Amino acid sequence: MNKVISTVKAPAAIGPYSQAIQVGNLVYTSGQIPIDPATGVFVEGGIKEQTRQSLNNVKAILEDAGLTMSNVVKTTAFMADMNDFADMNAVYSEFFTEPYPARSAVAVKTLPKGALVEIEVVASI
């Protein structure tokens, strides 16, 4: 049976989806954009600040499921501009330690609300 994971410490879903779903021993998060859940608006700054907020949102969702970032086995980073990859990667590396999760990073034409980055993860319980 699927279990919905939801926390007020991450932005509420802005459409017909859940923040995360647990299926068996896996938790799948929806993509997190850099919305500060306290204000409901984007954090100020560029790709570094947006990456940090997106990952803090992921972290909050995982914590609600009783997990940490060390439980993450796969990430996907969607970026509006691949020229931001090095800066995104610098902040990303603050959140993960070895063994690092598998990752895909892709450039997309646009992201919700004009975000520079959106990050989703799969975590193992």
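Presented here is an overview of the structure given in this document. Counting restarts for each chain, with residues numbered from 1 along the sequence as it is written. Local features in this predicted model are restricted to residues whose pLDDT is 70 or higher, and side-chain atom pairs enter the listing and the counts only when it is 80 or higher, whereas totals over whole chains, interfaces and linings include all residues. To obtain the side-chain values, all non-hydrogen atoms of the structure were included, while hydrogens and water were left out.

A closer look at the packing of aromatic side chains
The aromatic pairing rule takes the rings of Phe, Tyr and Trp, using the six-membered ring of Trp, and pairs them if the centres are within 6.5 Å, calling planes under 30 degrees apart stacked, those over 60 edge-to-face and the rest tilted. Under the counting rule described, the total for this entry stands at 1 aromatic pair. Ring geometry for Y92 against F96: centres 4.6 Å apart, planes inclined by 35°, an arrangement best described as tilted. Across this residue pair, the class does not change: Y92 and F96 are buried. A ring has a charge above it when a Lys NZ or an Arg CZ is no more than 6 Å from the ring centre and no more than 35 degrees off the ring normal. If you follow R103 out to its NZ or CZ, it ends over the ring of Y92, 4.4 Å from the centre. Whether a residue is buried, partly exposed or exposed follows from its accessible area with a 1.4 Å probe, protein chains only, as a fraction of its type maximum: under 20%, in between, or over 50%, in that order.

A few points about helix α1 (residues 47-64)
Strands here are runs of E lasting at least two residues and helices are runs of H or I lasting at least four, both read from the DSSP assignment and numbered beginning at the N terminus. Expected span of a helix: the number of residues minus one, times 1.5 Å. Relative to the 26 Å expected for 18 residues at 1.5 Å per residue, α1 spans 26 Å between its end C-alpha atoms, a close match to the ideal helical length. All buried positions along α1 are accounted for by I47, Q50, T51, Q53, S54, L55, N57, V58, A60, I61 and L62. Following α1 by one or two positions, G66 adopts a phi angle in the positive range, close to 80°.

Examining the nonpolar core
Grouped together as the largest cluster of nonpolar side chains are 24 residues, with contacts concentrated most on V27, L55, L62, M69, V72, M88 and F96. Among the secondary structure elements, those contributing two or more residues to this core are α1, β6 (72-79), α2 (85-92) and β8 (117-124). Here this core gets 6 residues from one element, more than from any other, and that element is α1. Throughout this description, the term nonpolar core refers to a set of buried Ala, Val, Leu, Ile, Met, Phe, Trp, Tyr and Cys residues connected via side-chain atoms within 4.5 Å.

Here we look at the packing of α1 against α2
With their axes 9 Å apart at the nearest point, α1 and α2 run at an angle of 40° to one another. Relative to α2, the element α1 lies oblique. Two packed elements cross with a definite hand, and for α1 against α2 that hand is right-handed. Touching I47, K48, T51, R52 and L55 of α1 are D87, M88, V91 and Y92, all from α2. Convention adopted: a line fitted to C-alpha atoms gives each axis, helices being fitted over their contacting stretch, and angles between N-to-C directions are expressed from 0 to 180 degrees. To sort the angles, those under 35 degrees are grouped as roughly parallel, those over 145 as roughly antiparallel, those from 65 to 115 as roughly perpendicular, and the leftovers as oblique. The handedness criterion is simple: a crossing whose near helix is rotated anticlockwise from the far helix by less than a right angle is left-handed, and one whose near helix is rotated clockwise is right-handed. By the convention used here, residues are in contact when the closest approach between their heavy atoms is within 4.5 Å.

Re unusual backbone geometry
Of note, the amide linkage connecting E98 to P99 takes the cis form, showing an omega dihedral of -5°. Note on placement: P99 falls in the loop between α2 and β7 (102-107). Here the phi dihedral of K113 falls at roughly 60°; this positive angle occurs in a residue that is not glycine. One can find K113 in the loop between β7 and β8.

Some words on the side chain of Q19
Position of Q19 relative to the elements: it lies in the loop between β1 (3-5) and β2 (20-23). Here a polar contact means two N or O atoms within 3.5 Å. Within protein one must be a hydrogen donor candidate and the other an acceptor candidate, and residues neighboring in sequence count only if both atoms are side-chain atoms. A polar contact of 3.5 Å, which involves the side chain of Q19, links it to the side chain of S6. With residues up to four places along the chain from it excluded, the contact list for Q19 reads I5, S6, T7, A10, P11, A12, Y28, T29, S30, Q32 and I61.

Re the pattern of salt bridges
When a carboxyl oxygen of Asp or Glu is within 4 Å of a side-chain nitrogen of Lys or Arg, the pair counts as a salt bridge. Applying the stated criterion across every chain yields a total of 1 salt bridge. With a closest N to O distance of 3.0 Å, E94 and R52 form a salt bridge. Residue E94 is located in the loop between α2 and β7, and its partner R52 is located in helix α1; the two are separated by 42 residues in the primary sequence.

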